[in-house]
Amino acid sequence: MFTFVQLTHFVAVAEELHFGRAAERLRMTQPPLSRQIQLLEKEVGAELFDRSNRTVKLTRAGRAFLLDARRLLQQAERATLAVRRVSAGTGGVLRLGFTGASVHSGLPRVLAATRAALPDVDVELREMVTMDQVEALSEGALDLGMVRPPITRPDLTTRTFVREGLIVALPADHPLATETGPVPVTALHGVEMVMHAPVEARYFHDLITTVLHAAAVIPVITQYMTQIHSILALVNLGWGVALVPESATGMRFDHVVYHPLEGVETQVELDLVWRHGNENPAFTRLMTELAGADESTSATFDTFPVSIHP
């Protein structure tokens, strides 16, 4: 099989159509260059140059081979650069898992950091619930996940990434939607509510149940749902109010109004999670980029209005 060195020599002669000039271009003498071309012709089984009459011309086979030779050399160069980028963490593939709600909180920050530090890295995004992300991380199918705590797997490391408060989402024609200030949590007693599912959305279910129990509030649950956007869709249809994280205000519905929740200090957390011993250089560079983030201010809503109408 011919070598890439022979291809380089062949392309030089084909472009110069002169062995002496090609040898100077390659910084070598002419005799070894001629031998390399002869070996290449023997390997491919065809004459690539017509050397008659003291001139050098490409044969028909040589013209056809030149196209492939250039293509092979370009591919080899791209492959070499790609390997170098992967080794340096500036290339390759980064596989990110995220929950649906994190689209409006943690995910934008991670993607911004990825684009800033790793513009040549291919990013694979996978929307998954927390339990599925944990399994995928343990199996090596994800590099980084954005999940709800707690994660107790010994092979995984977690770090709090986003903290934000709870707010109340109400149908636009709901009596509480006309309030001009925060809605007291006690005002939700006996009110119809769309609730997070106790198994598939366990984190939010347990968190909100604890908040309501502490305030002696017992709502009337109309439906249990897994995803926040599904919960808000039912609120939009008038099926009840819902407690959601502040970042949910990014999900706009025609007939949903958001209000701050009074009397609740509990915060919603979103964690980054990864598997011990992840050797993907792109992952290492991303975590370095994110390392300077101030967790205590990772999610702020200083300009959050009293109510938001789409």
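Within any chain, residue numbers begin from 1 and follow the written order of that chain's sequence. Given that this is a predicted model, residues contribute local features only at a pLDDT of at least 70 and side-chain atom pairs are listed and counted only at 80 or more, while totals for whole chains, interfaces and linings are drawn from all residues. Heavy atoms from the whole structure form the basis of all side-chain values; hydrogens and water molecules are not counted.

Participant: Can you explain the overall build of the protein? Please cite residues and give values.
Facilitator: In DSSP terms, a helix is any run of H or I states spanning at least four residues, a strand is any run of E spanning at least two, and both are numbered starting from the N terminus. A tally of helices and strands in the protein yields nine helices and 12 strands. Within the protein, buried positions represent 45% of all 310 residues. We call two residues contacting when some pair of their heavy atoms lies within 4.5 Å. When contacts within the protein are restricted to residue pairs at least 6 apart in sequence, those whose partners lie at least 24 apart make up 76%. Note on areas: Shrake-Rupley with a 1.4 Å probe; residue coverage comes only from the protein chains shown. Accessible surface, the protein: about 16,100 Å² in total, of which carbon and sulfur atoms supply 52%. Throughout this description, buried means an accessible area under 20% of the type-specific maximum (1.4 Å probe, protein chains only), exposed means over 50%, and partly exposed covers the range between.

Participant: Account for the pattern of salt bridges, with residues named and values stated.
Facilitator: What counts as a salt bridge is simple: a side-chain nitrogen of Lys or Arg found within 4 Å of a carboxyl oxygen of Asp or Glu. In this structure the tally under the stated criterion is 12 salt bridges. Measuring nitrogen to oxygen at the nearest pair gives 2.9 Å for the salt bridge that ties Arg 153 to Glu 135. Remark: Glu 135 occurs in helix α6 (residues 130-138) and Arg 153 occurs in the loop between β5 (144-147) and β6 (156-171); sequence separation between them is 18 residues. Between Asp 206 and Arg 202 there is a salt bridge; the shortest N-O distance is 3.4 Å. Taken together, the residues span about one helical turn, with Asp 206 and Arg 202 both in helix α7 (residues 202-214) at a distance of four residues.

Participant: Describe the side chain of His 9, and please don't skip the residues or the numbers.
Facilitator: Structurally, His 9 is set in helix α1 (residues 4-16). Excluding residues that lie within four positions of it along the chain, His 9 makes contacts with Leu 26, Met 28, Leu 33, Gln 36 and Ile 37.

Participant: I'd like a description of the pairing of strand β8 (residues 192-196), backed by residues and values.
Facilitator: The side chains of a regular strand alternate between both faces of the sheet. Within β8, four of the five residues are buried, which leaves the element mostly enclosed by the surrounding structure. In the sheet, β8 pairs with strand β9 (residues 220-225) via five bridges, with the strands oriented parallel. Note that in β9 the partner of Glu 192 across the bridge is Val 220. Look down the strands so they point away from you; if going from the first strand over the helix to the second traces a clockwise path, that crossover is right-handed. The parallel pair β8 and β9 is bridged by α7, and the resulting crossover is right-handed. Whether two strands pair comes down to DSSP finding at least two bridges between them.

Participant: Give me α1: which residues, what numbers.
Facilitator: Multiplying 1.5 Å by the helix residue count minus one yields the expected span of that helix. For α1, which comprises 13 residues, the first-to-last C-alpha distance of 18 Å matches the rise-based estimate of 18 Å (1.5 Å per residue) to within 8%. What α1 keeps buried is the set Gln 6, Leu 7, His 9, Phe 10, Val 11, Ala 12, Val 13 and Ala 14.

Participant: Which residues make up the packing of helix α5 (residues 106-117) against helix α9 (residues 281-290), and what values do they have?
Facilitator: Only C-alpha atoms enter the line fits that serve as axes; for helices the fit covers just the stretch in contact. Angles between N-to-C directions range over 0 to 180 degrees. Interaxial distance between α5 and α9 falls to 9 Å at its minimum, and their mutual angle equals 115°. What the angle tells us is that α5 and α9 run roughly perpendicular. Where α5 crosses over α9, the handedness of that crossing is right-handed. Residue-level inspection shows Arg 109, Val 110, Ala 113, Thr 114, Ala 116 and Ala 117 of α5 in contact with α9, the latter providing Arg 285, Leu 286, Glu 289 and Leu 290. In this classification, Asp, Glu, Lys and Arg are treated as charged, Ala, Val, Leu, Ile, Met, Phe, Trp, Tyr, Cys and Pro as nonpolar, and every other residue, Gly included, as polar. Taken together, the residues that form the contact of α5 with α9 break down as six nonpolar, one polar and three charged. Geometric relationships in this document are graded by angle, where less than 35 degrees denotes roughly parallel, more than 145 denotes roughly antiparallel, 65 to 115 denotes roughly perpendicular, and other angles denote oblique. Crossing handedness: left-handed means the near helix sits turned counterclockwise from the far one by under a right angle, and right-handed means the same turn made clockwise.

Participant: Give a detailed account of the environment of Ala 248, specifying residues and quantitative values.
Facilitator: Mapped onto the elements of the fold, Ala 248 is located in the loop between β10 (242-245) and β11 (256-262). According to the relative accessible area criterion, Ala 248 is buried, its value standing at 1%. Expressed as a C-alpha distance, the spacing of Ala 248 and Tyr 258, which sit 10 residues apart in the sequence, is 9.1 Å. Apart from the residues lying within four places of it in its own chain, the contact partners of Ala 248 are Ile 228, Leu 232 and Tyr 258.

Participant: Give me the environment of Asp 206: which residues, what numbers.
Facilitator: On the basis of relative accessibility, which here comes to 35%, the residue Asp 206 falls in the partly exposed class. Linking Asp 206 and His 196, residues 10 residues apart in sequence, is a C-alpha distance of 8.8 Å.

Participant: Explain the packing of aromatic side chains residue by residue, including any values.
Facilitator: Aromatic rings from Phe, Tyr and Trp, with only the six-membered ring used for Trp, were paired whenever their centres fell within 6.5 Å, and each pair was classed as stacked if the ring planes differed by under 30 degrees, edge-to-face if by over 60, and tilted otherwise. Counted according to the given criterion, the structure contains six aromatic pairs. Between Phe 19 and Phe 49, the ring centres sit 6.1 Å apart and the planes meet at 65°, which makes this aromatic pair edge-to-face. With a gap of 30 residues between them, Phe 19 in helix α2 (residues 19-25) and Phe 49 in strand β1 (residues 49-50) connect regions that are remote in the sequence. As far as the burial class goes, Phe 19 and Phe 49 line up, both buried. With centroids separated by 6.2 Å and ring planes inclined at 50°, the aromatic side chains of Trp 274 and Phe 283 adopt a geometry described as tilted. With a relative accessible area of 16%, Trp 274 lands in the buried category. In textbook terms, an aromatic cluster arises when at least three aromatic residues are bridged by ring pairs, as seen for Phe 2, Phe 10, Phe 19, Phe 49 and Phe 65.

Participant: Explain helix α8 (residues 228-236) to me, using residue names and the numbers behind them.
Facilitator: For α8, every residue scored as buried is listed here: Ile 228, Ile 231, Leu 232, Leu 234, Val 235 and Asn 236. Those residues of α8 that are buried lie in contact with β6, β8, α7, β9, β10 and β11.

Participant: Just give me the short version of the pairing of β5, but keep the residues and values in it.
Facilitator: Residue alternation in β5 divides its side chains into two sets, Leu 144 and Met 146 and Gly 145 and Val 147, and both sets are buried. Pairing of strand β3 (residues 93-98) with β5, which is carried by three bridges, proceeds in the parallel orientation. By the bridge assignment for β5, Leu 96 is matched with Leu 144. Two strands pair when backbone bridges link them, and β5 and strand β12 (residues 267-275) are joined in this way by three bridges, in the antiparallel orientation. From the neighbouring strand, Val 147 faces β12, where its bridge partner is Asp 271.

These values are about where atoms sit, not about what they do.
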